[in-house]
Amino acid sequence: MVTQYKNLINGKLVDNGEWLDVINPATEQVIGQVPACGASELDSAVAAARAAFKTWKNTPIDERRAAIMAISGAIKENADELFRLLTAEQGKPHAQAKGEIFGAAGISAAQSTLDLEEEIIQDDETRLHRHRRVPVGVVGGIVPWNFPVMMAIQKIVPAMLSGCTIVLKPSPYTPLTTLRIAELIADKVPAGVVNIITGEDSLGPLITQHPDIDKITFTGSTATGKKIMEGASADLKRITLELGGNDASIVLPDADPKKVAEQLFWSSFQNAGQVCIAAKRVYIHEDIYDELSQAIADFAKTVTVGDGSEQGTGVGPIQNKKQYERVLELIEDAKDNGYKFLTGGDQDPSGTGYFVPLTILDNPPEDARIVAEEQFGPVMPLMKFSTEEEVIARANASEYGLAGAVWTGDTEKGVAIAEQLETGTVWINEFMHLSPFAPFGGHKQSGFGAEYGKEGLKEFTYPQVITVKRDNIVA
Ligand code: NAD
């Protein structure tokens, strides 16, 4: 019998007797089951969060920090078990799963040091005028399957720190590690402050539309983000949306192909390309295009695609069948249109596991589906450009605006280009580096609001202004 993982509601580990199977994407075997929850379990979780909010919002911030540190400690102490489980359900290689688990522990600890200090607007003989931040209330957190633990922590920690309570829903594809963490923290966090419930996608709209939830914090696709915005509008819930991206990397002619090929490869292929901030379009200056594209393709041939639990695997499977079929469809479309492949394009969908060969395209047109759409798979289109003006326009010609990168020996020029890009984050000569102290959020259809830093924390609060007129009104 497979292991059954329970939900966390009001400090207790519970199930409703109905179960969803969770599959390992490398083997297609069922590796665990989680409760299939609906409206009544959600009502219980929200009621617990509402009751806990009364006390938690007035709990001193140092006590809230201590509870966050207990979560961070529990993750770190159990990292070995957790990263193996994460690989089994998500597919990413062990080293990357370890990075996610320790990253989640580290980010919890770092974020717990944040504070939203009170601002004194005026303090003189006429008036005391204070601006303070107060917690929004009960938060509904909804997360995707590409970084299930990191995304869960990214919702839980700022909610707790700000004085909110939370009901979190993992993706039905990757709930196991999150529920194991729920088990580990059940006695470390006051009952009702953190509730974790699982269910199909259909549980999502119930959260978005629940009348006793005050805010939704969501990470996932732009299409779902739009539905959430619509659902949350009924009672004007506050929302934070971290959505899709089609990030451009721009390589200027002074970049050394030998120095950047490997980094560029990983900027596209980490987690099998299932990263919102992966480089999904790579623009290389025509002077170095041939040498650099060959160097990237040569490096790709040294990387093994396989089961993430096996030693030597660099890139794991696609996490689920739906996404696997979508990536294969984009590759088929590229083949049908006669685009040139430097590697890949030779997938065999009949085998076990959702594996896609590393696919690098040689200068496909800008309007190719595989360039214009977010692939979210091990696919890297390389495109030639001639002028900076042209490449900036091409990079910005997207409904997305999540992140981007510039690779150059001239960092001043890199920054000048970065300032022209319509994205929330831009890296010069690196990729995917995020700080828990800097706001991370998308422009255009990549998001709404931000996570991380004080800006991210503020999204879990309302401003409240209190003024005291210093007149003597006593008779
Ligand atoms: P998804 O939108 O399909 O699902 C995300 C979550 O939403 C899941 O928990 C799902 O069950 C739930 N959901 C589905 N339908 C819903 C609805 N109608 N109402 C409420 N909830 C609903 O996304 P995914 O396929 O799991 O994740 C991949 C996407 O996430 C990609 O587009 C990727 O770029 C994006 N992403 C963005 C970031 C970021 O920080 N910007 C980070 C990671 C992933």
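Residues numbered from 1 in each chain as written. Predicted model: local features only at pLDDT ≥ 70, side-chain atom pairs only at ≥ 80, totals over all residues. Heavy atoms only, no water.

Caption draft 1: Molecular detail of the site of the ligand. Around the ligand, 30 residues are found, and the nearest of them are V143, K169, D201, L243 and E374. In this structure, an oxygen atom belonging to the ligand sits 2.7 Å away from a side-chain N or O atom of T224. Sorting the residues of the shell around the ligand by element identifies α7 (203-208), β10 (215-219) and α8 (222-232) as the ones contributing at least two each. For the shell around the ligand, the class distribution of residues is 15 nonpolar, 10 polar and five charged. Here the shell around the ligand spans two domains, since at least three of its residues come from each of domain 1 (7-243 + 446-465) and domain 2 (248-428). (Near = heavy atom within 4 Å. Polar contact = N/O pair within 3.5 Å; in protein donor to acceptor, adjacent residues only side chain to side chain. Helix = DSSP H or I, 4+ residues; strand = E, 2+ residues; numbered from the N terminus. Nonpolar A, V, L, I, M, F, W, Y, C, P; charged D, E, K, R; others polar. Domains from an automatic or database assignment.)

Caption draft 2: Structural view of the packing of helix α9 (residues 257-269) against helix α10 (residues 289-300). At a minimum axis separation of 9 Å, α9 and α10 run at an interaxial angle of 55°. By the angle between their axes, α9 is oblique relative to α10. The handedness of the crossing between α9 and α10 comes out as right-handed. Contacts between α9 and α10 pair P257, K258, V260, A261, E262, L264, F265 and W266 from the former with E291, L292, A295, I296, F299 and A300 from the latter. Looking at the contact of α9 with α10 residue by residue, the classes come out as 11 nonpolar, no polar and three charged. (Axes fitted to C-alpha atoms, helices over the stretch in contact; angles between N-to-C directions. Parallel < 35°, antiparallel > 145°, perpendicular 65-115°, else oblique. Left-handed = near helix turned anticlockwise from the far one by under 90°. Contact = heavy atoms within 4.5 Å.)

Caption draft 3: Expanded view of the domain arrangement of the chain. Each domain of the chain was delimited in the assignment, giving domain 1 (7-243 + 446-465) and domain 2 (248-428). Just the C-alpha atoms count here: the centres of domain 1 and domain 2 sit 31 Å apart. Contacts between the two partners involve 21 residues from domain 1, matched on the other side by 28 residues from domain 2. Carbon and sulfur atoms make up 54% of the surface buried where domain 1 meets domain 2, a total of about 2,000 Å² over both sides. Three residues, A26, W145 and S446, lead the burial of domain 1 against domain 2; their summed loss comes to 26% of the area buried on that side. One can count zero salt bridges joining domain 1 with domain 2. (Buried area = accessible area lost by both parts, 1.4 Å probe. Salt bridge = Lys/Arg side-chain N within 4 Å of Asp/Glu carboxyl O.)

Caption draft 4: Representation of the UniProt feature "domain: Aldehyde dehydrogenase" (unreviewed entry) in the chain in the model. The UniProt entry lists residues 18-465 under the feature "domain: Aldehyde dehydrogenase" (unreviewed entry), expressed in the numbering used here. Taken end to end, residues 18-465 has its terminal C-alpha atoms 47 Å apart, with 39% of it in helix and 22% in strand. (UniProt positions renumbered as here; feature names shortened; annotations may be inferred.)

Caption draft 5: Spotlight on the side chain of S108. Relative to the elements of secondary structure, S108 occurs in helix α4 (residues 94-111). A relative accessible area of 0% means that S108 is categorised as buried. Polar side-chain contacts of S108 include one of 2.6 Å to the backbone oxygen of A104. The residues touching S108, leaving out its near neighbours within four places in the chain, are I68, S72, I153 and V157. (Buried < 20%, exposed > 50% of the residue type's maximum accessible area, 1.4 Å probe, protein only.)

Caption draft 6: Molecular detail of the sheet that holds strand β5 (residues 119-123). Strand order across the open sheet formed by three strands is β5-β6-β24, with antiparallel pairing between neighbours. The sheet is open, and its two edges are formed by β5 and β24 (461-469), each paired on a single side. Each adjacent strand pair in this sheet contributes to an overall mean axis angle of 20°, direction not counted. Here strand β6 (residues 127-135) pairs with β24 via nine bridges, running antiparallel. Bridge pairing in β24 links L128 to V468. (Pairing = 2+ DSSP bridges.)

Caption draft 7: The nonpolar core, seen in detail. Among the nonpolar cores identified, the biggest contains 91 residues, and M160 and I296 are the most heavily contacted of them. For this core, the element with the highest residue contribution is helix α5 (residues 148-162), accounting for 10 residues. Mapping this core onto the domain boundaries places at least three of its residues in each of domain 1 (7-243 + 446-465) and domain 2 (248-428). Once you skip the residues sitting within four places of it in the chain, I296 turns out to touch A261, L264, F265, I284, I360, M380 and L382. (Core = buried A, V, L, I, M, F, W, Y, C linked by side-chain atoms within 4.5 Å.)

Caption draft 8: Representation of the UniProt feature "active site" (unreviewed entry) in the chain. The residues that UniProt annotates with the feature "active site" (unreviewed entry) are E242. Among the structural elements, E242 can be located in strand β11 (residues 238-242). Apart from residues no more than four positions distant in its own chain, E242 is found in contact with F218, T219, G220, L402, F440, G441, G442, S446, G449, A450 and E451.

Caption draft 9: Up close: unusual backbone geometry. We note that N271 has phi near 55°; this positive angle belongs to a residue other than glycine. Within the secondary structure, N271 sits in the loop between α9 and β13 (279-285). For A272, which is not a glycine, the phi torsion comes out positive at approximately 55°. The topology assignment puts A272 in the loop between α9 and β13.

Caption draft 10: Representation of the packing of aromatic side chains in the model. Within this structure, the stated rule accounts for seven aromatic pairs. A ring pair is formed by F265 and W266, whose centres lie 4.9 Å apart and whose planes are at 85°; its orientation type is edge-to-face. For the pair W407 and F431, a centre-to-centre distance of 6.5 Å together with 40° between the ring planes defines the contact as tilted. Highlighted residues: W407 in strand β20 (residues 403-407) and F431 in the loop between β21 (425-428) and β22 (443-444), separated in sequence by 24 residues. Aromatic rings pair up to connect F265, W266, F269 and F299 into one cluster. For K92, the ring lying beneath its charged end belongs to F147, and the centroid distance is 3.8 Å. (Phe/Tyr/Trp six-rings, centres within 6.5 Å; stacked < 30°, edge-to-face > 60°. Lys NZ or Arg CZ within 6 Å of the ring centre and 35° of its normal.)

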